[in-house]
Amino acid sequence: MSGRVQGKVAFVTGAARGQGRSHAVRLAEEGADIIAVDVCGPVSADSQIAPSTPADLAHTADLVKNLDRRIVTSQIDVRDYGALEAALISGVEQLGRLDIVVANAGIGNGGQTLDKTSDEDWDDMIGVNLTGVWKTVKAAVPHLLSSGNGGSIILTSSVGGLKPYPHTGHYIAAKHGVIGLMRTFAVELGQHFIRVNAVCPTNVNTPMFMNEGTMKLFRPDMENPGPDDLAVAAKFMHTLPIGWVEPIDISNAVLFLASDESRYITGLPVTVDAGSMLK
């Protein structure tokens, strides 16, 4: 099967690397042109995760172009509604339409209990992972409505949007909020044949998970844990005996939700979790 989103245009946030890049490339493989944005820089001053860069976003663009698809890129913080709005106006003018929205941009950090989480960490997490998702969809809806062709909106939540984990309470709160956004947008936009769903991954092999902070969070018993040490602990989260999934596993779910194969599916949190929700 090929061409599952042929002739459509997808807006993907957080597209410079990780899941966002994978989503953009997978949709392009199946025929979509891409409007891609990423902050390409640090979101908070004390993040332990190296930020994406302009070179990362340029590489995503090259990967899409190598598939003979068009792509329009912008460096944008999803907390900036005006910048999102401008990027979409420009992208739709160049590519002709908008059919798919993948509100993927997000950050991750942890280690503190909620009562010890700083105001700055809380504000950054909620600002990017929840408010940024709302602003992304808000900016995109007028273009979907004006086309009159319906559309598919996919929000990135998490298994942490469906159940709690300790020491990441601000992340858990934001991802639970994304599920609320998804369900409300689905109710409000359904009359226009605009479907809204969420993907809920477990751990994914991207820089947001594969970093020193996460490894120490999972293995506080070790001074300098590595990926193999992380895998031992992470396997306990899942029914299937793995520590994490790959970005393509999430992208395949995104593609299904973006395609007409899921034309009557809306308001659904789709878990790609190796059975994490069974535990």
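Residues numbered from 1 in each chain as written. Predicted model: local features only at pLDDT ≥ 70, side-chain atom pairs only at ≥ 80, totals over all residues. Heavy atoms only, no water.

Draft legend 1. Representation of the side chain of R195. You can see R195 is positioned in strand β6 (residues 194–201). We note that R195 is buried and unpaired, the nearest opposite charge coming from D260 at a distance of 5.5 Å. Only 2.8 Å separates the side chain of R195 from the backbone oxygen of S262, close enough to count as a polar contact. Looking at R195, its side chain comes within polar contact range of the main-chain oxygen of R263, at 3.5 Å. (Helix = DSSP H or I, 4+ residues; strand = E, 2+ residues; numbered from the N terminus. Buried < 20%, exposed > 50% of the residue type's maximum accessible area, 1.4 Å probe, protein only. Lys, Arg positive; Asp, Glu negative; His and termini not counted. Salt bridge = Lys/Arg side-chain N within 4 Å of Asp/Glu carboxyl O. Polar contact = N/O pair within 3.5 Å; in protein donor to acceptor, adjacent residues only side chain to side chain.)

Draft legend 2. Here's a closer look at the pairing of strand β4 (residues 100–103). Across the two faces of β4 the burial is the same, with I100 and V102 and V101 and A103 all buried. Across 3 bridges, strand β1 (residues 9–13) lies against β4 in parallel orientation. Residue pairing for β4: F11 is matched across the bridge by V101. Where β4 lies against strand β5 (residues 151–156), 4 bridges are found, and the strand directions are parallel. Of the residues in β5, the one forming a bridge with I100 is S152. Tracing the backbone out of β4, into helix α4 (residues 119–147) and back to the parallel element β5 gives a crossover that is right-handed. (Pairing = 2+ DSSP bridges. Right-handed = clockwise from strand over helix to strand, strands pointing away.)

Draft legend 3. Here's a closer look at the packing of aromatic side chains. If you walk through the whole model with that rule in mind, you get 2 aromatic pairs. Here F209 and F218 contribute two aromatic rings whose centre-to-centre distance is 5.7 Å and whose plane-to-plane angle is 90 degrees, an arrangement assigned as edge-to-face. Three or more aromatic residues joined by ring pairs make a cluster, and in this case those are F209, F218 and W244. Directly above the aromatic system of Y81 lies the positively charged group of K138, at a separation of 5.0 Å from the ring centroid. (Phe/Tyr/Trp six-rings, centres within 6.5 Å; stacked < 30°, edge-to-face > 60°. Lys NZ or Arg CZ within 6 Å of the ring centre and 35° of its normal.)

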